[in-house]
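Structural overview for review
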Amino acid sequence: MNKPGFESVADCLILAGGRGRRMGCPKALLEVDGLPLLQRQFQLLSPLFERTFVVLKDSALLEKIPTLPWDAIITDPPGSRCLLDVIGNAIEKVGRPVFLAAVDLPLLSPNIVEQICSRHTAGNSVVPVEGGRPQPLAAVWDPSSLEVLEPPDGDLALLAWVRRVNATQLKWPDD
């Protein structure tokens, strides 16, 4: 069940498809305090939401960590051009407002997540900003954001999408 302040955001997407080329293994498998990042994010976020989904390039990655009770596993669509395609596909599959968290944000806290989610209203996404830069990989995405997913100018950059959507931008919350 959702905590207070999460009334309109019942679903969480954990984005875990990063290859981690510089790290030598997928980001989801990197360990912090002895736990893979994917497991840490699940343990942090799943108690806050009614449903928790993982978004992956290849579900075989899940064989390398302890089994977790995902509500669904969403794989990248065939022919994905960019991260925008991956995120758009996941939001479309869920069909409701979602809190999206990248797997490599181990310092998220329930308090920060609640502050971001509590700002959501129907038809409006919520993107925190830190140091003048939007943080779309720790944000609430409303399904209405899909209306401007395909850019008229061809700019598939994630930050360009942030500029196109109807979104509340808020200062990165204090913990």
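See the structure printed just above.
Okay, so let's go over this structure.

About the criteria used
- Residues numbered from 1 in each chain as written.
- Predicted model: local features only at pLDDT ≥ 70, side-chain atom pairs only at ≥ 80, totals over all residues.
- Heavy atoms only, no water.
- Helix = DSSP H or I, 4+ residues; strand = E, 2+ residues; numbered from the N terminus.
- Rg over C-alpha atoms; globule rule 2.2 N^0.38 Å.
- Phe/Tyr/Trp six-rings, centres within 6.5 Å; stacked < 30°, edge-to-face > 60°.
- Buried < 20%, exposed > 50% of the residue type's maximum accessible area, 1.4 Å probe, protein only.
- Core = buried A, V, L, I, M, F, W, Y, C linked by side-chain atoms within 4.5 Å.
- Contact = heavy atoms within 4.5 Å.

Looking at the overall build of the chain
- For the chain, the helix and strand inventory stands at four helices and ten strands.
- Listing each helix as α and each strand as β along the chain from the N terminus yields β-β-β-α-β-β-α-β-α-β-β-β-α-β.
- Since a compact globule built from 175 residues should have a radius of gyration of about 16 Å, the 15 Å found for the chain is in line with a globular shape.
- For the chain, the C-alpha atoms occupy an extent of roughly 40 × 40 × 30 Å along the three principal directions.

Concerning the packing of aromatic side chains
- Throughout the structure, instances matching the rule amount to three aromatic pairs.
- Between Phe49 and Phe99 the ring centres are 5.9 Å apart and the planes differ by 15°, which places this aromatic pair in the stacked class. In this pair, Phe49 is assigned in the loop between helix H1 (37-45) and strand S4 (51-56) and Phe99 in strand S6 (residues 98-102), connecting sequence segments 50 residues apart.
- Residue classification places Phe99 among the buried positions, given a relative accessible area of 0%.
- When the centroid spacing of 4.2 Å and the interplanar angle of 10° are considered together, the rings of Trp141 and Trp161 count as stacked. Of this pair, Trp141 sits in strand S9 (residues 138-141) while Trp161 sits in helix H4 (residues 158-164), and the two are 20 residues apart along the sequence. The exposure classification of Trp141 matches that of Trp161, with both residues buried.

A word on the nonpolar core
- Judged by nonpolar contacts, the single largest core of 32 residues is most densely connected at Ile14, Leu38, Leu45, Phe49, Trp70 and Phe99.
- When residues of this core are traced back to their parent elements, those giving at least two are strand S1 (11-15), H1, S4, S6, helix H3 (110-117) and S9.
- Residue contributions to this core peak at five residues, all from H1.
- Sequence-distant contacts of Ile14, that is, excluding residues within four places in its chain, are made with Leu38, Gln41, Phe42, Leu45, Thr52, Phe53, Val54, Val55, Trp70, Ala101 and Val103.
- One finds Val55, Ile91, Val98 and Trp161 within the second-largest nonpolar core, a separate group that totals 21 residues.

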